[in-house]
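# Fold and geometry: a report
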Amino acid sequence: MAGCLGSVLLLLLLLLGSASDAGGNRCVDAAEACTADARCQRLRTEYVARCLARAAPRSCPRARCHRALRRFFTRGPPALTHALLFCPCAGPACAERRRQTFVPACAFYGPGTVRPPCLEPLDACVQSRVCRCWGCGWGALGPGDPRSPPPCRPHRPRLLAFQASCAPVPSTPDGCQRDQGLRCLRAYAGLVGTAVTPNYVDNASARVAPWCDCRASGNRREECEAFRGLFTRNQCLDGAIGTFDSRWSGLLQVQLDPHQDPGYNLLQVSSAAGPLKESSLLSIFPVLALRPLL
């Protein structure tokens, strides 16, 4: 009974927000904006329900949970789904809410308290139709290696897309590609609901990582560290998450405006609006509106 009650309370917290969090909590603002949008709310309710379900005592239907999460980030309004995932926080209460956004008890953490070697989710990704990318350039297996999966379809290499979109570029002044942030965040969101699902590691920072480490990786330690470093030692990913606030600070205010025309589409750019400035929120929507990773 206690477990069921806890699940219900978490469901209400995730879907409705908390009055005590109001006033400066961007993650609550993001949740309210999603609630105000029928499609976002329907898809979010679906993944929360899937991820809070119980397949057996102390277990959850992780595959269904992951599938619902992928559907949320590929079919939901990008402006709102990304606001939920990357809402900026100035305190631990907000950061903890952000960390709990996609029910990590089912979608992120493993069945035990010990983190598995990162090679396990990496290998699972390689063999997965959802996120495999070895055949498109990730890894070192040769074409004759029996562990090599069939080449991935060009539009489905989620991990490779993340690697390419968030990769540091030492030759540039700040070490990152120009206008890289939005592509990087979109590719990061594409990993949620896969074998290498990342999440915020605590409620005291915006650091992210998959649920794994490299302590038991044997002679593949270098490969393991390189993979985990894509999340934990990536200045371009850190910068993209850190500057999210400056790009999106006005978005949710527009969405939550009680005088807002209900027919107004946040992702629609009017040609009559004139040239868009770099600081304009609308200037980033065409990037996010590109065909999502399937």
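Overview of the structure. Please read these numbers as outputs of a predicted model, since none were measured by experiment. (Residues numbered from 1 in each chain as written. Predicted model: local features only at pLDDT ≥ 70, side-chain atom pairs only at ≥ 80, totals over all residues. Heavy atoms only, no water.)

## What to know about the packing of aromatic side chains
Taken as a whole and judged by the stated rule, the model has ten aromatic pairs. When the ring of Phe-72 is compared with that of Phe-73, the centres are 5.0 Å apart and the planes differ by 80 degrees; the resulting orientation is edge-to-face. Assessed through its relative accessible area of 1%, Phe-72 is described here as buried. Taking 5.6 Å as the distance between ring centres and 50 degrees as the angle between the ring planes, the aromatic pair formed by Phe-86 and Phe-244 counts as tilted. One end of the pair, Phe-86, is in helix 5 (residues 78–86); the other, Phe-244, is in helix 13 (residues 244–248), with 158 residues separating them in the sequence. Taken individually, Phe-86 and Phe-244 each receive the classification buried, so the pair is uniform in this respect. An aromatic cluster of at least three residues, connected via ring pairs, comprises Phe-86, Phe-162, Tyr-188, Phe-227, Phe-231 and Phe-244. The residue whose ring lies beneath Arg-98 is Tyr-200, and the NZ or CZ to ring-centre distance is 4.2 Å. (Phe/Tyr/Trp six-rings, centres within 6.5 Å; stacked < 30°, edge-to-face > 60°. Buried < 20%, exposed > 50% of the residue type's maximum accessible area, 1.4 Å probe, protein only. Helix = DSSP H or I, 4+ residues; strand = E, 2+ residues; numbered from the N terminus. Lys NZ or Arg CZ within 6 Å of the ring centre and 35° of its normal.)

## Notes on the packing of helix 2 (residues 26–36) against helix 6 (residues 92–99)
It is the contact of helix 2 with helix 6, at a shortest axis distance of 8 Å, that shows an interaxial angle of 45 degrees. Relative to helix 6, the element helix 2 is oriented oblique. Touching Arg-26, Cys-27, Val-28 and Ala-31 of helix 2 are Cys-94, Arg-97 and Arg-98, all from helix 6. Grouping the constituent residues of the contact of helix 2 with helix 6 by class yields four nonpolar, no polar and three charged. (Axes fitted to C-alpha atoms, helices over the stretch in contact; angles between N-to-C directions. Parallel < 35°, antiparallel > 145°, perpendicular 65-115°, else oblique. Contact = heavy atoms within 4.5 Å. Nonpolar A, V, L, I, M, F, W, Y, C, P; charged D, E, K, R; others polar.)

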